Amino acid sequence: MPDSPVVLAATNIRKRFGKTPVLDDVSIEVRAGEVVALLGASGSGKTTLLRVAGGLERPDAGRVVLGTATVFDNSEGIDVPAEGRNLGFVFQSYALWPHMTVAANVGYGLRLRRIPEVEREAHVDRTLDRLGLTGLGGRYPHELSGGQQQRVALARALVYEPPVILLDEPLSNLDANLRESARSWLRETISTLGLSAVFVTHDQVEALAIADRVVLLHGGRVEQAGTPTELYGAPRTLYGATFLGSASTIPVSVAGDRSAAQAQVSAGGTAFVASRRAEASLGNDATVVIRVECVRVLDGDATPPPGGTVLDLVVRTSLYLGERWEHAFTLGGATLRAWGGSPLVAGRTYRVWVPIDGAWAF
Amino acid sequence: MARSTPTIPRDAWRQATVAVLATIVLGPLLLVAYQSLLNGPFFLESSRLDLGAYRYVIGGAQFWRAFGTSLVVATGMAGIAVPLGATLAFLLVRTDLPGSQWIEPLALVPIFLSPIVVAFGYVVAIGPVGFISLAVKSWIGTVPWDLYGLPALVAIAALTHVPHSCLYVATALRSINPELEEAARTAGAPPWRVAIEVSLPLARPAILYAAALTFLLGFELFGLPLVLGDSAGLLVMTTYLFKLTTLLGVPSYQMMAVVAISIVAVTFPLVLAQRHLLGQAARYATIRGRGLAPRRLRLGAWRWGAFAGVVAWFAVTVALPLGGIVLRSVVRNWGIGVDLGAVLTLDHFRALATYPNLVRGVIDTIAIATIGGAASVALYLAIGLAQHRWTGRGAAAIDFLVLLPRAVPGLIGGLAFLWVILFVPFLRPFRNSLGALWLAYTSVWLAYGLRLISTALLQVGAELEESARTTGASAARVTREITVPLARAGIVGSWLLVLMMFVREYSTGVYLMGPGTEVIGSLIVSLWGAGGLDLIAALSVVNVVIVGVGLSLALRLGVRLHA
Ligand SMILES: Nc1ncnc2c1ncn2[C@@H]1O[C@H](COP(=O)(O)OP(=O)(O)O)[C@@H](O)[C@H]1O
Ligand SMILES: [Mg+2]
């Protein structure tokens, strides 16, 4: 995929609503056959960026290119309206037209493209079949379940085979248990149909599971872009490290460098070794982020694995989460969380192992 | 920064709509303003710029007396109608008032009745020789009230404008998240404290808006003071304008223009204030809750008392005048001791059919309301679509332009259009055509109609339109295939409401009336001057019947009765 042609590129997009900048010099790129997730907290500008790409929002500056055609460039005065961009767009609310049947909803894009009726009907039926909507063409949107509506919305967006489809939180309107099956269904459908897609989500699990590449947005800027494993396993910023996964955030003072890659830190007198993640050098005070799944509580006097620091910490509470327990230890003034298979006794001191490459200092 | 983008052609027709709108709205008003600065009629070569008319009118005691009366009427009206309307709204929306589903649509009836008809109804019911007055007189020997005076005028104006306040406050009360009230209940507040300390403050912007609206309507009042103030010599601003020619002995264009401009100078700031208040009301209404409707407050012992109060209001405001008209239209004469059976007759309706101008008036009223109303709604729809989801500078211009007609009472609107028709050579042949009247109606009801239309259009979710755009539909096709079909019910409803307003209308046609442009409302105004009570009664009944048909159709179709 890295060498497939670029189907959508939005570069240096700026957009403000009134005085507040919502997108601040954001660039994204989608290659053929690739699924890109726009991930970020609510209000980070994901929807706005998607709407800019789709021609529904006019950016203040920047450039949008689809394939080889520039569809927006404010320095050249180009602004192709939404209907001229030939994209597929799936709205968060699905936005199915209530006065049209499912078949008419799905076939509308073909009608606009003047596909003859016979061919159109066959094509609509084929698309409905592919998306598991066989036989529902004659129904009206309100006669469908949420999951079916979501499929119709997708069918409507891809029936005229746009080079890219844009999806705004496609799963957020589904019930929690339906969402999990819809997640893998969506990933499968996108890859079997060989689609290129950008989808917006605030759910990190969704982004990591479905996307080939994830763009993390924060306050209208790109915090980090990369493969799901890069984003999860090697966050470059403190925000990225805390946004993804489940982690403890510990304020520390930096005692000194161990090497270019490691630092000796101390949280309220408890010293341990962390790996340096920030590009800038650490000051006297830093923040260490420790993923919960990296921390281990050692049994009795078991030998710790190499490459970590063993700390003697007091446990405050153990929470039962169903498949595991979550323990909260006091580390300096902060809380270090760890998972385990059995409850610990509150107030007792345990030996806790913190790996160097799992403790990220920013 | 000059940019050439493909969005410009899309905006071209929108700009054109703004231009048309500006011409219709500003043209007549500018002509009136210009006329007010002349020393003679605008169509005479010899007229010169001169402030004499202002000096004369504003220096006159009668102008200030009329202004004072208008002020008293408007203030009294707002002072009475708003508290009553808010109470009625609270009773209907938040309490277990018996039959509230029935009362609610009935309570709106006064909005659709022609004030001139209602005023006439009061005259024949409780005027000096009205049915009820005579009955009371034969019983206790005297009539203990005087219909022709300021107190009666204020009271009747207030009672007939209760529904306006009720509507806005009811809407606001419905949009309050019930959880806000429930939270107060669980915190320990008894229901009446919740009403006073939570619900009413939340509805306050709506109440203030209703007060500003009622005050404005009080200033624009014409039919009620024309009929009820007449014999007492009571003049308000509009009736002062109407009587100006009689008062001066000669038609004086510049004086009329000055009075018209003075009225607009008062009403326009009121419209601006209203707009500001509406913005605030909208901010409060966004706290809409999704939960079930809140449990209604139990009135307990007060339940039937409240019911009786509402029924009494309805009896005095609707049943009394309408009953009076209907009865008056079927009796030959009336007096103490007259036997009803002996004087019953349909002669007045038969007589109606023998006057060609009255027959034309009825037919024209129906035509202008149905066909003309549809044409007006089509125009409002065009403007509404131009403004719909448009954030350009022109959209703000439309916003401003539609405010102006709200500040122009129908009487002045009609006068201004008459002058425009006389002023513009190619319009002169239309002087005596319904087209001229239609244009005036369309302009006077522009703000009302546009509000209905934009409400209907905004019911269509933005994403439904955007998804058609991303699917490849041009803006025009989105309008045709998505927006308009989805807003259809709202558009039909707007037509029915505009239809009723056009049937109800009486003041806009007053100056425009001539052979070929008679409508029921303005015929009643001119018959009132001439004293043809039998015919007025028959015409009023016809008018009420047409409104009734429109109203029941609207209710049958489930049209929301407010903009
Ligand atoms: N039409 C608009 N007018 C004003 N502010 C807007 C508009 N659309 C979005 N915003 C603001 O822009 C920011 C980003 O919005 P959005 O792109 O919808 O975020 P996300 O989809 O990441 O939650 C938010 O603070 C939002 O309030
Ligand atoms: Mg969003």
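Please read these numbers as outputs of a predicted model, since none were measured by experiment.

Reading the values: the criteria
- Residues numbered from 1 in each chain as written.
- Chains lettered and ligands numbered in written order.
- Predicted model: local features only at pLDDT ≥ 70, side-chain atom pairs only at ≥ 80, totals over all residues.
- Heavy atoms only, no water.
- Domains from an automatic or database assignment.
- Contact = heavy atoms within 4.5 Å.
- Buried area = accessible area lost by both parts, 1.4 Å probe.
- Salt bridge = Lys/Arg side-chain N within 4 Å of Asp/Glu carboxyl O.
- Near = heavy atom within 4 Å.
- Polar contact = N/O pair within 3.5 Å; in protein donor to acceptor, adjacent residues only side chain to side chain.
- Areas by Shrake-Rupley, 256 points an atom, 1.4 Å probe, with all protein chains shown as cover.
- Helix = DSSP H or I, 4+ residues; strand = E, 2+ residues; numbered from the N terminus.
- Nonpolar A, V, L, I, M, F, W, Y, C, P; charged D, E, K, R; others polar.
- Pairing = 2+ DSSP bridges.
- Axes fitted to C-alpha atoms, helices over the stretch in contact; angles between N-to-C directions.
- Expected span 1.5 Å × (residues − 1).
- Buried < 20%, exposed > 50% of the residue type's maximum accessible area, 1.4 Å probe, protein only.
- Phe/Tyr/Trp six-rings, centres within 6.5 Å; stacked < 30°, edge-to-face > 60°.
- Lys NZ or Arg CZ within 6 Å of the ring centre and 35° of its normal.

In this structure, what is going on with the domain arrangement of chain B? I would like to understand it.
Often, the extent of an interface is quoted as the loss of accessible area on bringing the components together. Residue and element names in this part refer to chain B. Per the domain assignment, the segments making up chain B are domain 1 (1–36 + 346–563) and domain 2 (46–285 + 304–345). Taking only C-alpha atoms, the centre of domain 1 and the centre of domain 2 are 23 Å apart. Contacts between domain 1 and domain 2 engage 49 residues on the former and 54 residues on the latter. A combined buried area of about 4500 Å² lies between domain 1 and domain 2, and 73% of that area is made up of carbon and sulfur atoms. Considering only the surface of domain 1 that becomes buried against domain 2, S36, R406 and W528 emerge as the three largest contributors, covering 15% of it. We note a salt bridge from D534 to R328, for which the minimum N-O separation is 2.8 Å.

Where do I start with the site of ligand 1 in this structure?
All names here are of chain A. By nearness alone, every residue bordering ligand 1 is listed as F17, V22, A41, S42, G43, S44, G45, K46, T47 and T48. Separating an oxygen atom of ligand 1 from a side-chain N or O atom of T48 is a distance of 2.5 Å. Protein chains bury 55% of the 560 Å² of accessible surface belonging to ligand 1 in isolation. No other element matches the three residues that helix α1 (residues 46–54) contributes to the shell around ligand 1. Per-class residue counts for the shell around ligand 1 are three nonpolar, six polar and one charged.

Is there a simple way to explain the sheet that holds strand β10 (residues 213–218) of chain A in this structure?
Across a sheet, paired strands are connected by hydrogen bonds in the backbone, their directions being either parallel or antiparallel. All names here are of chain A. Judged by pairing direction, the sheet is mixed, and its six strands sit side by side in the order β7-β8-β9-β3-β10-β11 without closing on themselves. Pairing within the sheet leaves two strands with one partner each, and these edge strands are β7 (88–90) and β11 (221–226). Shown here is a sheet whose adjacent strand axes are inclined to one another by a mean of 15°, direction ignored. Bridge count for strand β3 (residues 35–40) against strand β9 (residues 197–201) is five bridges, and the pairing is parallel. Within β9, the position partnered with L38 by the bridge is V200.

Can you walk me through the interface of chain A and chain B in this structure?
At the junction of the two partners, chain A supplies 29 residues and chain B supplies 23 residues. For the pair chain A and chain B, the summed buried surface comes to about 2200 Å²; carbon and sulfur atoms form 55% of the total. Broken down residue by residue, the surface that chain A buries against chain B is led by A:E83, A:W97 and A:L112, which jointly contribute 25%. At the boundary of chain A and chain B, one finds three salt bridges. Across the salt bridge formed by B:E466 and A:R51, the nearest N and O atoms sit 2.7 Å from each other. At the boundary of chain A with chain B, the tally comes to 11 residue pairs in polar contact (both at pLDDT 80 or more). When residues of the side of chain A that touches chain B are traced back to their parent elements, those giving at least two are α1 and α2 (102–112) of chain A. Ranked by the residues each element gives to the side of chain A that touches chain B, the list is headed by α2(A), at four residues.

Is there a simple way to explain helix α23 (residues 446–458) of chain B in this structure?
Side chains that are three or four residues apart share a direction in an α-helix, a result of its 3.6 residues per turn. Over its 13 residues, α23(B) extends 18 Å from the first C-alpha to the last, a length consistent with the 18 Å expected when each residue adds 1.5 Å. Those residues of α23(B) that fall on the buried side of the exposure criterion are B:L446, B:A447, B:Y448, B:G449, B:L450, B:L452, B:I453, B:A456 and B:L457.

Looking at this structure, I do not really get the packing of aromatic side chains. What am I missing?
Each pair of aromatic rings is reported with the distance of its centres and the angle of its planes. Evaluation of the coordinates by the stated rule reveals 25 aromatic pairs over all chains. With a centroid separation of 5.2 Å and 85° between ring planes, the pair formed by B:F42 and B:F43 is classed as edge-to-face. Positioned above the aromatic ring of A:W360 is the side chain of A:R277, whose terminal nitrogen or guanidinium carbon lies 5.8 Å from the ring centre.

Is there a simple way to think about the pattern of salt bridges in this case?
A side chain with one charge can pair with a side chain of the opposite charge if their charged atoms come near. This model, assessed by the stated rule, comprises 22 salt bridges over all chains. For the salt bridge of A:D212 with A:R187, the shortest nitrogen-to-oxygen distance reads 3.3 Å. Taken together, the residues span a long stretch of sequence, with A:D212 in the loop between α6 (204–210) and β10 and A:R187 in helix α5 (residues 176–192) at a distance of 25 residues. In this structure, B:E518 engages B:R360 in a salt bridge whose closest nitrogen and oxygen atoms are separated by 2.9 Å. Residue B:E518 is located in the loop between α27 (509–512) and α28 (520–530), and its partner B:R360 is located in helix α19 (residues 356–387); the two are separated by 158 residues in the primary sequence. Overall, the relative accessible area of 35% leaves B:R360 in the partly exposed class. Connected through salt bridges with shared partners, the residues A:R14, A:D24, A:D25 and A:R221 form a single ionic network.

So what exactly am I meant to see when it comes to the domain arrangement of chain A here?
Residue and element names in this part refer to chain A. When cut into domains, chain A gives domain 1 (6–238) and domain 2 (246–361). Placing a centre on the C-alpha atoms of domain 1 and another on those of domain 2 gives a separation of 40 Å. Taken together, the contact pairs six residues of domain 1 with seven residues of domain 2. Regarding the contact of domain 1 and domain 2, the summed buried area is about 600 Å², with carbon and sulfur atoms giving 46% of it. Considering only the side of domain 1, the residues that lose the most area to domain 2 are Y232, P235 and L238, jointly responsible for 68% of the buried surface there. Summed over the shared surface of domain 1 and domain 2, the number is four residue pairs in polar contact (both at pLDDT 80 or more).

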